[in-house]
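Secondary and tertiary structure notes
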Amino acid sequence: MQHAVGAPLPPPHQPGYAAHDWAGRPGPQPATPPGVPLPPAGVPAPPPGPASSAPPPPPAQPPASPQWTPPASTEPTGDYRLAPAAPVALPLPPPTGPSTGTATLAVLLIGPAGAGKTTVARHWAAGRQVPTAHISLDDVREWVCSGFADPQSGWNDQSEAQYRLARRTCGFAARNFLANGISCILDDAVFPDRPVVGLGGWKRHVGPGLLPVVLLPGLEIVLERNAERSGNRRLSDEEVAGIHGRMAGWYGSGLPIIDNSTYDVETTARVLDEVLARAIAES
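Counting of residues starts from 1 at the beginning of each chain's written sequence and follows it residue by residue. Note on the predicted model: pLDDT of at least 70 is required for a residue's local features to be given, and 80 or more for side-chain atom pairs to be given and counted; whole-chain, interface and lining totals, by contrast, use all residues. Working from all heavy atoms in the structure, the side-chain values ignore hydrogens and water.

Some words on helix α4 (residues 199-206)
Helical geometry note: an α-helix holds 3.6 residues per turn, so side chains three or four residues apart project in the same direction. Of the positions making up α4, those classed as buried are Leu-199, Gly-201, Trp-202, His-205 and Val-206. In an axial view of α4, the angular spread of the buried residues amounts to 160°, which keeps them on one side of the axis. Two residues form a contact once any of their heavy atoms are found within 4.5 Å. Think of it this way: any DSSP run of H or I at least four residues long counts as a helix, any run of E at least two long counts as a strand, and we number them from the N terminus. In this fold, the buried residues of α4 make contact with β1 (106-110), α2 (137-141), α3 (157-179), β3 (183-188) and β4 (211-215). For each residue, the accessible area found with a 1.4 Å probe, counting protein chains only, is set against the maximum for its type, and the residue is called buried under 20%, exposed over 50%, and partly exposed in between. Directions pointing from the helix axis toward each C-beta atom define the arc.

Below you can see the structure in the form of structure tokens.
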């Protein structure tokens, strides 16, 4: 059946109303549920009453397992930033022997010219876990630019006076470092048979807790190292041999002696640290 253009459409089906066909005639009534009596003719049906009983509750659900919740985001996209990448440090090698650790101490490294005491002292100081200073007597002596009394030109009153002054200066610096919690290592060619440049003067200026260690490689080693020097630090072979022979007097003195003839700088510094650790433990 067709409708004229502009004619109203029939109303849609709504709940509670009987359906109508497109012609407006009443359609079939909704079926009555089975078992419900029909009211008499002419008597309106009673309104539906409340539900007789509430539906049974749903079965209990097991507790949900905790879930990870991402951190709150400050980005408009909802993404959150990861921690910045950082290099992973390699694990430290296990210690191979005793160590001075974080102890504050003063060390005097003794040895002939060419023993490597200045290089070893600097390397040991740089590798410690706590602040450590290196003080070289030769460097302090060379602070005197004009009128420097070079011991190579002969040991006399002037060279001895400048040596004493340099030793006092080193001791003063060492005490200041120690008073501020900074360890120090000094190096000098201390002779066992000359009290004027002996160990007693160093202990007077630095303190009785000074730890002396002798670095004494073989003669051929010190001669080879001395040949690589230049300037006033290089001595003649005769002088080197004479100094080395006098240093042998430290044997039998009770001081720890390290023969670093076959050691490189790093190994010598490690052995020095182990020797100092044993000296601390025994004191």
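Here's the deal with the environment of Asn-176
With respect to the helices and strands, Asn-176 occurs in helix α3. Distance in space between the C-alpha atoms of Asn-176 and Val-206 is 9.7 Å, their sequence separation being 30 residues.

Points about the sheet that holds strand β5 (residues 257-258)
Taken in spatial order, the five strands of this open sheet run β2-β3-β1-β4-β5, and their pairing is parallel. Single-partner strands in this sheet number two, and they are β2 (132-136) and β5. A pair of strands is labelled paired if DSSP reports no fewer than 2 bridges between them. Here five bridges tie β1 to β3, and the two strands are oriented parallel to one another. Counted as the bridge partner of Leu-108 is Leu-186 from β3.

Section: the pairing of β1
The buried fraction of β1 is high, at five of five residues. Alternating residues of β1 divide into Ala-106, Leu-108 and Ile-110 and Val-107 and Leu-109, and every residue in both groups is buried. Bridge count between β1 and β4: four bridges; the pairing is parallel. Bridged to Ile-110 within β4 is Val-214.

Concerning the pattern of salt bridges
Here, a salt bridge means any side-chain nitrogen of Lys or Arg that lies within 4 Å of a carboxyl oxygen of Asp or Glu. Here the structure, examined in full by the defined rule, presents four salt bridges. With a closest N to O distance of 3.3 Å, Glu-160 and Arg-164 form a salt bridge. With Glu-160 and Arg-164 both in helix α3 and four residues apart, the pair spans about one turn of that helix. By relative accessible area, Arg-164 is classed as partly exposed at 32%. We note a salt bridge from Arg-270 to Glu-274, for which the minimum N-O separation is 3.2 Å. Taken as a pair, Arg-270 and Glu-274 lie in helix α7 (residues 265-282) at a separation of four residues, close to a single helical turn. With relative accessibility at 39%, the residue Arg-270 sits in the partly exposed group. Residue Glu-274 is classed as buried on the basis of its relative accessible area, which comes to 12%.

Notes on α3
In a helix, the anticipated span is given by 1.5 Å times the number of residues less one. When the terminal C-alpha atoms of α3 are compared, their 33 Å separation across 23 residues agrees well with the 33 Å that a helix rising 1.5 Å per residue should span. Each element contacted by the buried residues of α3 is listed here: β2, α2, β3 and α4. We call two N or O atoms a polar contact when they sit within 3.5 Å, provided that within protein one can donate a hydrogen and the other can accept it, with sequence-adjacent residues counted only if both atoms are side-chain atoms. For α3, the capping residue at the N-terminal end is Asn-156, with a side-chain oxygen 3.1 Å from the backbone nitrogen of Gln-158. The first or second residue beyond α3 is Gly-181, which carries a positive phi of 75°.

Quick word on the environment of Gly-249
Its location among the elements puts Gly-249 in the loop between α6 (237-247) and β5. The spatial distance from the C-alpha of Gly-249 to the C-alpha of Pro-192 is 6.0 Å, given a sequence separation of 57 residues.

Comments concerning the nonpolar core
Only buried residues count toward a nonpolar core. Its members are Ala, Val, Leu, Ile, Met, Phe, Trp, Tyr and Cys residues joined through side-chain atoms within 4.5 Å. Counting residues in hydrophobic clusters, the biggest one holds 29 residues, and the most contacted among them are Leu-108, Ile-110, Leu-186, Trp-202 and Trp-250. The set of elements that each furnish at least two residues to this core consists of β1, β2, α2, α3, β3, α4 and α6. A total of four residues in this core trace back to one element, the largest contributor, which is α3. Sequence-distant contacts of Ile-110, that is, excluding residues within four places in its chain, are made with Lys-117, Asp-188, Val-190, Leu-199, Pro-212, Val-213, Val-214, Leu-215, Met-247, Trp-250 and Leu-255. Counting 17 residues, the second largest nonpolar core, distinct from the first, contains Leu-109, Val-213, Ala-269 and Val-271.

Quick look at the state of the cysteines
When the sulfur atoms of two cysteines come within 2.5 Å, that pair is taken as a disulfide. On inspection of all chains with the given rule, the structure shows zero disulfides. Unpaired in this structure, Cys-184 has its nearest cysteine sulfur neighbour in Cys-170, at a distance of 9.8 Å.

Focus on the packing of helix α1 (residues 117-126) against α7
The axes are straight lines fitted to the C-alpha atoms, using for helices just the contacting stretch, and the angles between their N-to-C directions are given from 0 to 180°. Contact geometry of α1 with α7 gives a least axis separation of 9 Å together with a crossing angle of 70°. One way to sum up the angle between α1 and α7 is to call them roughly perpendicular. In this structure, α1 meets α7 at a crossing whose hand is right-handed. Contact residues: α1 offers Thr-119, Val-120, His-123 and Trp-124, while α7 offers Val-265, Glu-266, Thr-268, Ala-269, Leu-272, Asp-273 and Leu-276. In what follows, roughly perpendicular refers to angles from 65 to 115 degrees, roughly parallel to angles under 35, roughly antiparallel to angles over 145, and oblique to any angle outside these ranges. By the definition used in this description, the sense in which the near helix is turned from the far one sets the handedness, with an anticlockwise turn below a right angle giving left-handed and a clockwise turn giving right-handed.

Things to note about the packing of aromatic side chains
Between the rings of Phe, Tyr and Trp (Trp by its six-membered ring), a pair exists once the centres lie within 6.5 Å; its type follows the angle of the planes, with under 30 degrees stacked, over 60 edge-to-face, and the other angles tilted. Under the definition given, this model contains zero aromatic pairs. We count a charge as sitting over a ring when the NZ of a lysine or the CZ of an arginine lies within 6 Å of the ring centre and within 35 degrees of the ring normal. Across from the ring centre of Phe-191, 4.2 Å away, lies the NZ or CZ of Arg-246, which sits over that ring.

Read these as geometric descriptors, not functional statements.
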